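# Coordinates in review
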Amino acid sequence: MKTVSVGSLTLDSTKTINNVELAYERLGDKNAPVILVCHALTGDQHTVGTEQNPGWWAGLVGPGMPVDTTVFQVITFNVLGGCHGSTGPLSVNPLSGAPYKADFPTLTIRDMVRAEYQALKN
């Protein structure tokens, strides 16, 4: 699984999460125009996945497919607070050394988008 560090992120609630990481899948040439594929809140970053574990857009993204990875690069993040590799309730809180669990801050869609924007800038 690939992750990108976002660093510290101040949320709409004014709380800050430190050491934020987002899991992602990237396909295609890194110099090609980007298509950012967003998923439902219960989804994950596996747009294409693997042959053994196909992603939820496996038949739509790839060379010669409707979203052609010979023309575009495709990036999909697992959202902040997601349970598939991104910082979320099961992540270790660096301040306490224990998983956040119920202490994980409430998130807004804006917080999730802000995290993805920071990840894209990295």
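Residues numbered from 1 in each chain as written. Predicted model: local features only at pLDDT ≥ 70, side-chain atom pairs only at ≥ 80, totals over all residues. Heavy atoms only, no water.

## Here we look at the pattern of salt bridges
- This structure, assessed with the given rule, holds three salt bridges.
- Close ionic contact of R114 with D111 constitutes a salt bridge, the shortest N to O distance being 3.0 Å. Note that R114 and D111 are positioned in helix α1 (residues 109-121) at a spacing of three residues, about one turn of the helix. (Salt bridge = Lys/Arg side-chain N within 4 Å of Asp/Glu carboxyl O. Helix = DSSP H or I, 4+ residues; strand = E, 2+ residues; numbered from the N terminus.)

## Let's talk about the sheet that holds strand β3 (residues 34-36)
- Judged by pairing direction, the sheet is mixed, and its four strands sit side by side in the order β1-β2-β6-β3 without closing on themselves. A strand with exactly one partner marks an edge of an open sheet, and here the two such strands are β1 (2-10) and β3. Strand-to-strand twist of the sheet, defined as the mean angle between neighbouring strand axes without regard to direction, takes the value 30°.
- Of the strands in this sheet, β1, β2 (16-27), β3 and β6 (73-77) are in contact with α1, which crosses β1 at around 120°. (Pairing = 2+ DSSP bridges. Axes fitted to C-alpha atoms, helices over the stretch in contact; angles between N-to-C directions. Contact = heavy atoms within 4.5 Å.)

## Some words on the packing of aromatic side chains
- Applying the stated criterion across every chain yields a total of three aromatic pairs.
- With centroids separated by 5.1 Å and ring planes inclined at 90°, the aromatic side chains of Y100 and F104 adopt a geometry described as edge-to-face.
- The exposure class of Y100 is buried, given its relative accessible area of 7%.
- What makes F104 buried here is its relative accessible area of 12%. (Phe/Tyr/Trp six-rings, centres within 6.5 Å; stacked < 30°, edge-to-face > 60°. Buried < 20%, exposed > 50% of the residue type's maximum accessible area, 1.4 Å probe, protein only.)

## A look at the side chain of T87
- Structurally, T87 can be placed in the loop between β6 and α1.
- What makes T87 buried here is its relative accessible area of 6%.
- Separated by 2.8 Å, the side chain of T87 and the backbone nitrogen of E21 make a polar contact.
- Apart from the residues within four sequence positions on either side, T87 is in contact with I17, N19, V20, E21, L80, G81, G82 and F104. (Polar contact = N/O pair within 3.5 Å; in protein donor to acceptor, adjacent residues only side chain to side chain.)

## Quick look at α1
- End to end, α1 covers 19 Å across 13 residues, agreeing with the expected 18 Å (1.5 Å per residue, within 8%).
- Looking at the buried residues of α1, the elements they touch are β1, β2, β3 and β6. (Expected span 1.5 Å × (residues − 1).)

Honestly, that's just the spatial picture; any functional story needs more than this.
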